[in-house]
Amino acid sequence: MSVTTRVNDPVGMGWSQCTSEGSELAELRVWTRLPLRRKLEAVEAMCDLARHFLEYRKKNGLPYIDPRTDELVRPVAGNNPD
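Below is a summary of the structure that appears in this document. A quick note: this is a predicted structure, and the numbers were derived from the prediction, not measured. (Residues numbered from 1 in each chain as written. Predicted model: local features only at pLDDT ≥ 70, side-chain atom pairs only at ≥ 80, totals over all residues. Heavy atoms only, no water.)

**Comments concerning the overall build of the protein chain**
A count of helices and strands for the protein chain gives 2 helices and 2 strands. In sequence order, the secondary structure elements of the protein chain are arranged as α-α-β-β. With 82 residues in all, the protein chain has 11% of them scored as buried. Of all intrachain contacts in the protein chain linking residues separated by at least 6 positions in sequence, the fraction that spans at least 24 positions is 0%. Carbon and sulfur atoms make up 56% of the accessible area of the protein chain, which totals about 7,500 Å². (Helix = DSSP H or I, 4+ residues; strand = E, 2+ residues; numbered from the N terminus. Buried < 20%, exposed > 50% of the residue type's maximum accessible area, 1.4 Å probe, protein only. Contact = heavy atoms within 4.5 Å. Areas by Shrake-Rupley, 256 points an atom, 1.4 Å probe, with all protein chains shown as cover.)

**Points about a nonpolar patch on the surface**
Taken together, the side chains of Trp31, Val43 and Met46 define a hydrophobic patch exposed on the protein surface, amounting to about 270 Å² of accessible area. The topology assignment puts Met46 in helix 2 (residues 36-59). (Patch = residues over 30% accessible without salt bridge, like charges linked within 9 Å, V, L, I, M, F, W, Y side chains within 5 Å. Salt bridge = Lys/Arg side-chain N within 4 Å of Asp/Glu carboxyl O.)

**Brief notes about the pattern of salt bridges**
If you walk through the whole model with that rule in mind, you get 2 salt bridges. For Glu41, the salt bridge identified is with Arg37, shortest N-O distance 3.6 Å. With Glu41 and Arg37 both in helix 2 and 4 residues apart, this pair spans about one turn of that helix. Under the relative-accessibility criterion, Glu41 is labelled partly exposed at 42%. Among the salt bridges present, the one from Arg51 reaches Asp48, with a minimum N-O distance of 2.8 Å. In this pair, Arg51 and Asp48 both sit in helix 2, 3 residues apart, roughly one turn of the helix.

**A look at helix 2**
Taking 1.5 Å as the rise per residue, helix 2 with 24 residues should run 34 Å; its terminal C-alpha atoms sit 35 Å apart, in good agreement. At the exit of helix 2 stands Gly61, carrying a positive phi of roughly 65°. (Expected span 1.5 Å × (residues − 1).)

**Things to note about the environment of Lys39**
For Lys39, the position within the fold is in helix 2. By relative accessible area, which is 21% here, Lys39 ends up partly exposed. Residues in contact with Lys39, not counting those within four places in the same chain, are Trp31, Thr32 and Leu34.

**Some details on unusual backbone geometry**
Backbone geometry places Asp70, a non-glycine residue, at a positive phi of 60°. Mapped onto the secondary structure, Asp70 falls in the loop between strand 1 (64-65) and strand 2 (72-73).

**Comments concerning the side chain of Asp66**
Following the sequence through the fold, Asp66 ends up in the loop between strand 1 and strand 2. It is Arg68 that comes nearest to the buried, bridge-free Asp66 among opposite-charge side chains, at 4.8 Å. Apart from the residues within four sequence positions on either side, Asp66 is in contact with Glu71 and Val73. (Lys, Arg positive; Asp, Glu negative; His and termini not counted.)

None of the figures reported here should be taken as evidence of function without further support.
This is the structure:
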């Protein structure tokens, strides 16, 4: 007998989702069921968020990793905005 666990539903949540591996598998099950359009929208939203954080770090003189070179960019001493 096979028991199907409903994902993202507290009623159907079992102990298998309480481990990091089980939680990751549950998230992957949800992701694989999404239509391509929703997946692309999610990736676009993640890219927008990453760009926002990059600009925030640059603006506030914080270190960041350059997405084009994958190198750490450290702020120049004495060049921090107020």
